[in-house]
Amino acid sequence: MIRVFYLALWICCLSIFGVLLSLAVQIDLLEIVATLIASETLFAVKLSLVASVSAVMIALILGIPTAYILARKDFPGKFIIDTFLDIPLVMTPLVIGMGLLFLLGPDLLGKYLSRFDIDFLFSSSGAIIAQTFIATPLIIRSCRSTFEEIDEKYDWAGYTIGLSNQQVFMRIILPMARNGILSGTILAWTRTLGEFGATLMVAGATRFRTETLPIAIYLNLTSGEIGIAITCAWVLIVSGFILMLTLKWLGYRSKATEF
Amino acid sequence: MSDIVLKNISSRFVNLERLEINKGELAVLVGPSGAGKTSLLNIIAGFVAHRGTITLGQKSVESLPPFKRKIGYLFQDLFLFPHMTVSQNLKIAMKSRKLSNGQLEEETSRILEMFRVSSLASSFPNQLSGGEKQRVAMARAVASKPRLLLLDEPFSHLDYKTARYLRHEFKKLQKKLNLTTLFVTHNLHEAQELGDKIMVMENGSISQTGSFADLWLEQEATGLSFLEKPNLLNGQIQRKLGNGLVEFKWGDKLLLVADEGVNFEQVIIWPSDIHILPLQPEGPVINRFMGNIKKVTTIDHNIIIHVQLGLNTLSVMVESHYFKTLGLRLNDPVYVLLRLWCLRGISASTPGNNC
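Residues numbered from 1 in each chain as written. Chains lettered and ligands numbered in written order. Predicted model: local features only at pLDDT ≥ 70, side-chain atom pairs only at ≥ 80, totals over all residues.

## Overview of the overall build of chain A
Spelled out, the test is: Numbering of helices and strands starts at the N terminus; helices are DSSP runs of H or I of at least 4 residues and strands are runs of E of at least 2. Burial in this document is a count-based property: other C-beta atoms within 10 Å of a residue's C-beta are tallied, and the residue is buried at 20 or more, exposed at 12 or fewer, or partly exposed in between, with C-beta positions derived from the backbone. In this description, a residue-residue contact is defined by the distance between C-beta atoms placed from the backbone, which must lie within 7 Å.
Across its full length, chain A carries 13 helices and zero strands. The order of α-helices and β-strands along chain A, N terminus first, is α-α-α-α-α-α-α-α-α-α-α-α-α. Taken along the three principal axes of its C-alpha coordinates, chain A extends 65 × 65 × 35 Å. Within chain A, the proportion of its 259 residues that are buried is 35%. Of the contacts formed within chain A by residues at least 6 apart in sequence, a portion of 79% connects residues at least 24 apart.

## Regarding the packing of helix H3 (residues 39-72) of chain A against helix H10 (residues 178-193) of chain A
All names here are of chain A. Heads up, the condition is: Lines fitted to C-alpha atoms define the axes here, with helix axes fitted over just the stretch in contact, and angles between the N-to-C directions of these axes take values from 0 to 180 degrees. Orientation categories follow fixed angle ranges, with anything under 35 degrees roughly parallel, anything over 145 roughly antiparallel, 65 to 115 roughly perpendicular, and all other angles oblique. The handedness criterion is simple: a crossing whose near helix is rotated anticlockwise from the far helix by less than a right angle is left-handed, and one whose near helix is rotated clockwise is right-handed. Gly counts as polar in this scheme, as do all residues outside two lists: the nonpolar Ala, Val, Leu, Ile, Met, Phe, Trp, Tyr, Cys and Pro, and the charged Asp, Glu, Lys and Arg.
Between H3 and H10, the shortest axis-to-axis distance is 9 Å and the interhelical angle comes to 140°. The angle between H3 and H10 places the two elements in the oblique class. Crossing geometry of H3 relative to H10 is assigned as right-handed. Residues Ser48, Ser52, Ala55, Val56, Ala59, Leu60 and Ile64 of H3 form the contact with H10, whose own contacting residues are Ile181, Thr185, Ala188, Trp189, Thr192 and Leu193. Residues of the contact of H3 with H10, tallied by class, amount to nine nonpolar, four polar and no charged.

## Focus on the interface of chain A and chain B
If you look at the interface, chain A gives 16 residues, while chain B gives 20 residues. Counting only elements with at least two residues in the side of chain A that touches chain B, the list comes to helix H8 (153-160) and helix H9 (165-176) of chain A. The leading source of residues in the side of chain A that touches chain B is H8(A), at six residues. Looking at the side of chain A that touches chain B residue by residue, the class counts come to 10 nonpolar, three polar and three charged.

## Looking at helix H2 (residues 86-93) of chain B
Counting buried residues along H2(B), six of its eight residues qualify, which places the element largely inside the surrounding structure. Along H2(B), the residues classified as buried are B:Val86, B:Ser87, B:Asn89, B:Leu90, B:Ile92 and B:Ala93. In the core, the buried residues of H2(B) are packed alongside H9 of chain A together with helix H3 (101-114) and helix H4 (130-143) of chain B.

## Focus on the sheet that holds strand S4 (residues 51-56) of chain B
All names here are of chain B. Inclusion rule: For two strands to be treated as a pair, DSSP must find at least two bridges joining them.
Judged by pairing direction, the sheet is antiparallel, and its four strands sit side by side in the order S2-S1-S4-S5 without closing on themselves. Lying at the two open borders of the sheet, with one neighbouring strand each, are strand S2 (15-22) and strand S5 (59-60). As paired elements, strand S1 (residues 2-10) and S2 share seven bridges and run antiparallel to each other. Within S2, the position partnered with Leu6 by the bridge is Leu19.

## Description of the pairing of strand S8 (residues 180-185) of chain B
Residue and element names in this part refer to chain B. The criterion, for reference: A crossover gets the label right-handed when its path from the first strand over the helix to the second runs clockwise, viewed with the strands pointing away from the viewer.
In terms of burial, S8 is a largely internal element, six of the six residues being buried. With five bridges joining them, strand S3 (residues 26-30) and S8 adopt parallel strand pairing. Bridge pairing links Ala27 to Leu182 in S8. By the bridge criterion, five bridges tie strand S7 (residues 148-152) to S8 in an arrangement that is parallel. Paired with Leu150 across the strands is Leu182, a residue of S8. Once you follow S7 into helix H5 (residues 160-177) and on to S8, the crossover reads as right-handed.

Here it is, written out as structure tokens:
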């Protein structure tokens, strides 16, 4: 039976290898280097970095306190709210994007935001909002399980030596949760870097304006510019691989240095 | 004068009319598992909702959040902050005392010294042994200068010798610091060694209060089947040997016991202070007897072996893994050794214990 399991393992690896190989044979190394320094590719890399880092930062600011409350406190309707917060995880990004499009559009929030000259739609800030929506539930899930793993008596131990709620959270719980928070951050960052559906709906696909790496792939592939599309794909693959390696290393390290 | 007074405390697991502890007193709360001991500590510390009043040094604290109560708490599992060194664990406990940097360093060194953990200052908790962790946790609990210290079976995870040593150290420090303390245990031996006052808790309320002598020796407290009971050996002094020892006749046996300078008719020894072996040990034969195993019972995770010694019976407590190693069965012949320094003659006055 174990031989069959090994067979399954090899099929999984080979299918991924097949996809990567098919991308690799489309373009030679010289062309990759040339397209990598093309202004469009550089713009896409820069916007992807700015949008994903901003989205993850906002998601951390919103997600960490939410996760802590869910892990530590009981309140009426917690079960419903907990499930409600998971909705973005099970919705397709396209549907999330469509919802955000209507929410930020001129009929709803957009009507009020336009009075302050704020318009998120079809702009790079729209990409940040869409990606924040994708990243936040991932951060909440990851941080929540980390906070739940930390015995509540650590909070109590902090209180009994005279530390306030804020001091207990900042000085004890947050440092103890650092590996879990970092893992969640990397996971969310990887996910936002490759985010396409929601970004497309909210920010649109405009060259040198809302052109993140996935949008650049989409625009160039549909217009026959295979070189830039594949280069952008490789940038995503390599950065994703490095981030996932870091995530796994963090997992091993936290096991090795378990408190 | 009472330093802490609890009145009409009620919660899910606790229903207490009154509890008082005097300033600098070490009160020990004993009771079986599920009696509500830990719940009571959690109520006092402010972690569990309850009805009733808690007065600490004339000040009502029941409406204060835990971090404003100035109540130190040593948990059973210690909960040292794993990302901080020993020194940092102490410094964070002194944060509420608002010391200058110089004073903070000085005070940290003083407390490290007091608890004999100076050499561990830069170690992390996962680098410490069980006993060292215990010392550091005690040091941290004291570092915040609490008005009241709560301890929840802090020595229960330690081996017998380390626990005994730390109990002795803790008692000395508690008296030195004159720190009002409530100590929870289910070990009567521990209660006797530590407690100025012993309170027995059953089904959420205090059923008996007094000194060890009041509770156990004079009244033969009833309903305390969950506790390790001492062996009380009845007899009389046969003769004084003149070297600080007396011969005590216990049934058909003669024991050597320290001369207390007074007459006594009872000798106390705790089951955990008796050594048991299946084979005849080498060395002096003082207070060593041969008997047979009559009965075997358990208390918590320990084994109580009842040994028949001629006309007398004796309870011996061993850890269950040691019992398995010995491979003993009912009626097996065994040798018991009553450690001389653990035998204590009891007259009308309250007994102490050297062990």
